[in-house]
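Architecture and fold: a report
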Amino acid sequence: MLTRKSKLFLIKIFSLFSVVRGYNIPVVVLAQYLSSIFILSPEKRALDVILDWRLFILVFASTLTIASGYIINNFYDSEKDLINRPNKTRLDRLVSQKTKLQVYFLLNFLATILALIISFRAALFFATYIFLIWFYSHKLKKYPIVGNLTASLLAVLPFFGILLYFKNFYPVIFAHAMFLFLLIFIREMIKDLENIKGDIANNYQTIPVRFGERISKQIITILTISTIIPVYILIEKYDVGYMDLYFYVSLMILIFFLLKLWKSQTQPEYVQLHVVLKILIVAGVFCIVLINPSVLINGKALLKL
């Protein structure tokens, strides 16, 4: 039997897990490793990439930084989230703001020290990344367009950190990044529609608050149509293996997404659209293996790549 103190400790651990969105972390790690194997260093053996201890440290450091980013974002958005996500906020508040800040500084310290093991340049990259996350959470996210752009950039920045490590600046990499960036940008715009009540109450000058929902939907429509550009480049100009199936399906889903967008008016409807985009992004991570599925079909390919 667990004591009352032990139960309280486990509840607080679960609360902190919710704050750092621990359910997202494994997806980020998987995305970084799959990107490293299939996109960023296709000329290397897959096993060499997986066993690269320097890459492991970089991925671990980015994981710590992303987790700390969720903490500082939660810290500044506590009042807004009480309106937009009351149930999650009650769980998150089981951990005090003081404890959140302590964990935030600890994670950032560990991330910087780990990056320093790789190189001073890596430590500088993560120090800059940490500062940008804080500046976004503290200031930039309250402003239209700038906040959305910064959030989208911060989401893809860890992949560019790994790109700098491999030093392979293939054009196909930037086409993949462009598609991911647009999906995340659209998701950030949907989140603004979803959180409009809390944003108004806390004086966040997002696009829906400042210009209205119709303008916001028009911008989302333009961004969604723009995804055709990187998809065309990836399918027609480069060899992405069977991953072209993912891009075709994504375009079809995005068409239905737009139809649903213009019919949506309530928060639950915007939440559904948000979920669709999250599924599309996560599916994209797993579909990276379709670039060369022989790695999964035949385990020997792991050694031969």
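Residues numbered from 1 in each chain as written. Predicted model: local features only at pLDDT ≥ 70, side-chain atom pairs only at ≥ 80, totals over all residues. Heavy atoms only, no water.

**Focus on the packing of helix α4 (residues 53-76) against helix α7 (residues 97-118)**
Direction vectors running N to C along α4 and α7 enclose 155 degrees, while the axes themselves pass 8 Å from each other. In terms of orientation, α4 and α7 fall into the roughly antiparallel class. Viewed along their axes, α4 and α7 form a crossing whose handedness is left-handed. Across the contact of α4 with α7, the residue classes tally to 19 nonpolar, five polar and two charged. (Axes fitted to C-alpha atoms, helices over the stretch in contact; angles between N-to-C directions. Helix = DSSP H or I, 4+ residues; strand = E, 2+ residues; numbered from the N terminus. Parallel < 35°, antiparallel > 145°, perpendicular 65-115°, else oblique. Left-handed = near helix turned anticlockwise from the far one by under 90°. Nonpolar A, V, L, I, M, F, W, Y, C, P; charged D, E, K, R; others polar.)

**Quick notes on the pattern of salt bridges**
Summed over all chains, the structure comprises three salt bridges. Of the charged contacts, one joins Arg45 and Asp48 as a salt bridge, the two residues approaching to 2.7 Å between their closest N and O atoms. By relative accessible area, which is 37% here, Asp48 ends up partly exposed. For Lys191, the salt bridge goes to Glu188, with nearest N and O atoms at 3.6 Å. With Lys191 and Glu188 both in helix α10 (residues 171-194) and three residues apart, this pair spans about one turn of that helix. With respect to class, Lys191 is no different from Glu188; both count as buried. Here the salt bridges do not stand alone but share partners, grouping Arg187, Glu188 and Lys191 into one network. (Salt bridge = Lys/Arg side-chain N within 4 Å of Asp/Glu carboxyl O. Buried < 20%, exposed > 50% of the residue type's maximum accessible area, 1.4 Å probe, protein only.)

**Overview of the nonpolar core**
In terms of nonpolar packing, the biggest core is built from 51 residues, with Phe38, Ile190, Ile220, Phe247 and Phe257 touching the most fellow members. Ranked by residue count, the leading element in this core is α10, at twelve residues. With near-sequence residues (within four places) excluded, Ile190 lies in contact with Ile220, Phe257, Leu261, Tyr270, Leu273, His274 and Leu277. Counting residues in each nonpolar core, the second largest holds 33 residues, with Ile72, Tyr104, Phe125 and Leu140 among its members. (Core = buried A, V, L, I, M, F, W, Y, C linked by side-chain atoms within 4.5 Å. Contact = heavy atoms within 4.5 Å.)

**Some words on the packing of aromatic side chains**
Scanning the entire structure with this criterion turns up 14 aromatic pairs. Note on Phe56 and Phe60: the rings are 6.1 Å apart at their centroids and 10 degrees apart in plane angle, and the pair reads as stacked. Separated by four residues within a single helix, Phe56 and Phe60 lie in helix α4, roughly one turn from each other. Under the relative-accessibility criterion, Phe60 is labelled partly exposed at 39%. Measuring from centroid to centroid gives 6.3 Å for Phe125 and Tyr129, while their planes differ by 25 degrees, and the two rings are stacked. Remark: Tyr129 and Phe125 occur in helix α8 (residues 120-138); sequence separation between them is four residues, near one turn of the helix. When its relative accessible area of 3% is taken as the criterion, Tyr129 is described as buried. Among the aromatic residues, ring-to-ring pairing joins Phe125, Phe126 and Tyr129 into one connected group. (Phe/Tyr/Trp six-rings, centres within 6.5 Å; stacked < 30°, edge-to-face > 60°.)

**Considering the packing of α10 against helix α14 (residues 228-237)**
Two elements in contact, α10 and α14, have axes whose closest approach is 9 Å; the angle formed by their N-to-C orientations is 150 degrees. As judged from the angle between their axes, α10 and α14 are roughly antiparallel. With respect to the hand of their crossing, α10 and α14 are arranged in left-handed fashion. Of the residues in α14, those touching α10 at Val172, Ala175, His176, Met178, Phe179 and Leu182 are Ile229, Pro230, Val231, Ile233 and Leu234. Among the residues forming the contact of α10 with α14, the class breakdown is ten nonpolar, one polar and no charged.

Shape is all these values report; function is a separate question.
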